[in-house]
Amino acid sequence: MELAIDNISKSFGEKEVLKGISLRAHGGKALGLLGRNGAGKTTTIRIIMNVFPPDGGRVLLDGETLDLHNVRVGYLPEERGLYPKKLISEQLCYLGCLRGMKKSEAKSSAKRLLQKLGMEEYLDKKLDTLSKGNQQKIQLAATLINDPEIVILDEPFSGLDPVNAMLLKDLVREMISKGKVVLFSSHQMGYIEEFCDDIAILNGGRIVLSGGIREIKRSYDRSDIVLNSPQNHEMEQFLLTRCKAFVKGVEQKNGEWMVHLTDAGQKGRLMEALSHSEYEIDGFRVYEPSLNDIFVRYTEGEV
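Note that the coordinates shown come from a computational prediction; the quantities given were computed from them, not determined experimentally.

How each quantity is defined
Residues numbered from 1 in each chain as written. Predicted model: local features only at pLDDT ≥ 70, side-chain atom pairs only at ≥ 80, totals over all residues. Heavy atoms only, no water. Helix = DSSP H or I, 4+ residues; strand = E, 2+ residues; numbered from the N terminus. Contact = heavy atoms within 4.5 Å. Expected span 1.5 Å × (residues − 1). Phe/Tyr/Trp six-rings, centres within 6.5 Å; stacked < 30°, edge-to-face > 60°. Buried < 20%, exposed > 50% of the residue type's maximum accessible area, 1.4 Å probe, protein only. Pairing = 2+ DSSP bridges. Axes fitted to C-alpha atoms, helices over the stretch in contact; angles between N-to-C directions. Patch = residues over 30% accessible without salt bridge, like charges linked within 9 Å, V, L, I, M, F, W, Y side chains within 5 Å. Areas by Shrake-Rupley, 256 points an atom, 1.4 Å probe, with all protein chains shown as cover. Salt bridge = Lys/Arg side-chain N within 4 Å of Asp/Glu carboxyl O. Parallel < 35°, antiparallel > 145°, perpendicular 65-115°, else oblique. Left-handed = near helix turned anticlockwise from the far one by under 90°. Nonpolar A, V, L, I, M, F, W, Y, C, P; charged D, E, K, R; others polar.

Section: the environment of Lys29
Then, in step 1: For Lys29, the location among the structural elements is in the loop between β2 (15–26) and β3 (30–35).
Then, in step 2: Along the sequence, Lys29 and Val163 sit 134 residues apart, while their C-alpha atoms lie 24 Å from each other.
Then, in step 3: In this structure Lys29 touches Ile176, Lys180, Val182, Asp197 and Asp198, once residues within four positions along its chain are discounted.

Structure below.
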């Protein structure tokens, strides 16, 4: 299954929000949709959900125009929208029925989801009696009530403590393993790296970077090496004197050594020099930028 955004554009009055964006999301993988506030993420999601149409371009599923009458979509919005004074069981069944389920099917699905989230005891409670984190889990159950084929999660971990976040992670992994298309929008880059194979970064209504996270990281200059050694002062002197033919600089960051080689092809010479030294090496790896570093680099300008 492939969800495709094909050359989508959208304006509101004189404001051009999306400027011909294209991206692909595949079943069995999660795509991280990233961007600063105002970059166009929410507009993209709303066009997928057919809240309003694009001015140009198409939304396709397996090459055909996406028809939400025939495809189950689950959407977890950043701004939650359940009814605080209503019983949780009633809300979940009601939402399931709105999405074409029989009442018995919706009730069974609600019970199963809340069991997975450790929330079965709250089925007959009112939503506003729950903590913010537990309300978030109920919102997730509402998103998944009809076993959607396309799942859109906007800041799904907001307000969750580590234990509740782990329960939600298990559900996200289950959705991915079932081959569902998962779109994941968040400013918490650690979660994006944990779940997403691919990313698309929006800035100023355009896709400024897209592709596999691993491939994007490997495309950066690989001439910087991170070393861990308990012999800090001695190691610095060794690198700047005995390795000066291929080391152009050394600096310490967060208790580690960042070794700047003259070029990426000198990694072998550095490893050989260290192996013949008297110094203890606890770690040796090529430096790669974090996803947060990459995000900042591509979104510092226009939004």
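Structure's up, so let's keep going.
Brief notes about helix α5 (residues 162–177)
Then, in step 1: The terminal C-alpha atoms of α5 lie 22 Å apart, and with 16 residues this matches the ideal 22 Å at 1.5 Å per residue to within 8%.
Then, in step 2: Looking at the buried side of α5, the elements it contacts are β3, α3 (103–116), α4 (132–144), β7 (150–154), β8 (181–185) and α6 (189–195).
Then, in step 3: After α5 finishes, the residue Gly179 shows a positive phi value of roughly 85 degrees.

Regarding the environment of Glu64
Then, in step 1: Position of Glu64 relative to the elements: it lies in strand β5 (residues 64–65).
Then, in step 2: Placed 60 residues apart in sequence, Glu64 and Ala4 show a C-alpha to C-alpha distance of 9.4 Å.

A word on the packing of aromatic side chains
Then, in step 1: In this structure the tally under the stated criterion is three aromatic pairs.
Then, in step 2: Residues Phe184 and Phe195 carry aromatic rings whose centres are separated by 5.8 Å and whose planes lie at 20 degrees to one another, so their mutual orientation is stacked. Of the two residues, Phe184 sits in strand β8 while Phe195 sits in helix α6, which places them 11 residues apart along the sequence. The two residues Phe184 and Phe195 agree in class, both being buried.
Then, in step 3: For the ring pair Phe238 and Tyr279, a centre distance of 5.3 Å and an interplane angle of 65 degrees mean the geometry is edge-to-face.

Structural notes on α4
Then, in step 1: With 13 residues, α4 should cover 18 Å at 1.5 Å per step; its first-to-last C-alpha distance of 19 Å lies within 8% of that length.
Then, in step 2: Extensive coverage of α4 is indicated by the burial of 11 of its 13 residues.
Then, in step 3: The complete set of buried residues in α4 reads Gly133, Asn134, Gln136, Lys137, Ile138, Gln139, Leu140, Ala141, Ala142, Thr143 and Leu144.
Then, in step 4: In this structure, the buried residues of α4 make contact with β6 (73–76), α2 (88–98), α3, β7 and α5.

Some words on the sheet that holds β2
Then, in step 1: Strand order in the open sheet formed by four strands is β2-β1-β4-β5, and the pairing between neighbours is antiparallel. Each of the sheet's edge strands pairs with one partner strand only, and the pair in question is β2 and β5.
Then, in step 2: By the bridge criterion, two bridges tie strand β4 (residues 56–61) to β5 in an arrangement that is antiparallel. If you follow Leu61 over to β5, its bridge partner there is Glu64.
Then, in step 3: Strand contacts of helix α1 (residues 41–48): β1 (2–12), β2 and β4, with the helix running at about 115 degrees to β1, the strand carrying the most contacts.

Here's the deal with the pairing of β2
On any regular strand, side chains alternate: one points to one face of the sheet, the next to the other face.
Then, in step 1: Strand direction decides the pairing type here: β1 and β2, joined by nine bridges, are antiparallel. Paired with Ile8 across the two strands is Ile21, which belongs to β2.
Then, in step 2: Linking β1 to β2, which pair antiparallel, is a turn of two residues; within it Gly13 sits at a positive phi near 65 degrees.

Observations concerning a nonpolar patch on the surface
Then, in step 1: Nonpolar side chains collect at one region of the surface, where Tyr83, Tyr94 and Leu98 lie side by side and expose about 360 Å² of accessible area between them.
Then, in step 2: Take Tyr94: its relative accessible area is 46%, and that puts it in the partly exposed class.

Some details on the sheet that holds β8
Then, in step 1: Spatial strand order, β6-β7-β8-β3-β9-β10: six strands in an open sheet with mixed pairing. In this open sheet, the two strands that pair with only one neighbour each are β6 and β10 (206–212). Ignoring which end each strand starts from, the neighbouring axes of this sheet average 15 degrees apart.
Then, in step 2: Bridge count between β6 and β7: four bridges; the pairing is parallel.

Points about the packing of α2 against α4
Then, in step 1: Remark: α2 packs on α4, axes separated minimally by 9 Å, with the N-to-C direction vectors making an angle of 25 degrees. Here α4 runs roughly parallel to α2, going by the angle between their axes. As for the relative orientation of α2 and α4, their crossing is right-handed in sense. Contacts from Ile88, Leu92 and Leu95 in α2 reach Ile138, Ala141 and Ala142 in α4.
Then, in step 2: For the contact of α2 with α4, the class distribution of residues is six nonpolar, no polar and no charged.

Details of the pattern of salt bridges
Then, in step 1: On inspection of all chains with the given rule, the structure shows 17 salt bridges.
Then, in step 2: Across the pair Arg173 and Asp170 runs a salt bridge whose closest N-O atoms are separated by 3.5 Å. Here Arg173 and its partner Asp170 are both found in helix α5, three residues apart, which amounts to about one turn of the helix.
Then, in step 3: The residue Glu194 makes a salt bridge to Arg173 at a minimum N-O spacing of 2.7 Å. Residue Glu194 is located in helix α6, and its partner Arg173 is located in helix α5; the two are separated by 21 residues in the primary sequence.
Then, in step 4: Via salt bridges that share partners, Lys169, Asp170, Arg173 and Glu194 belong to a single interconnected network.

Such coordinate-based values are descriptive only and should not be taken to indicate function.
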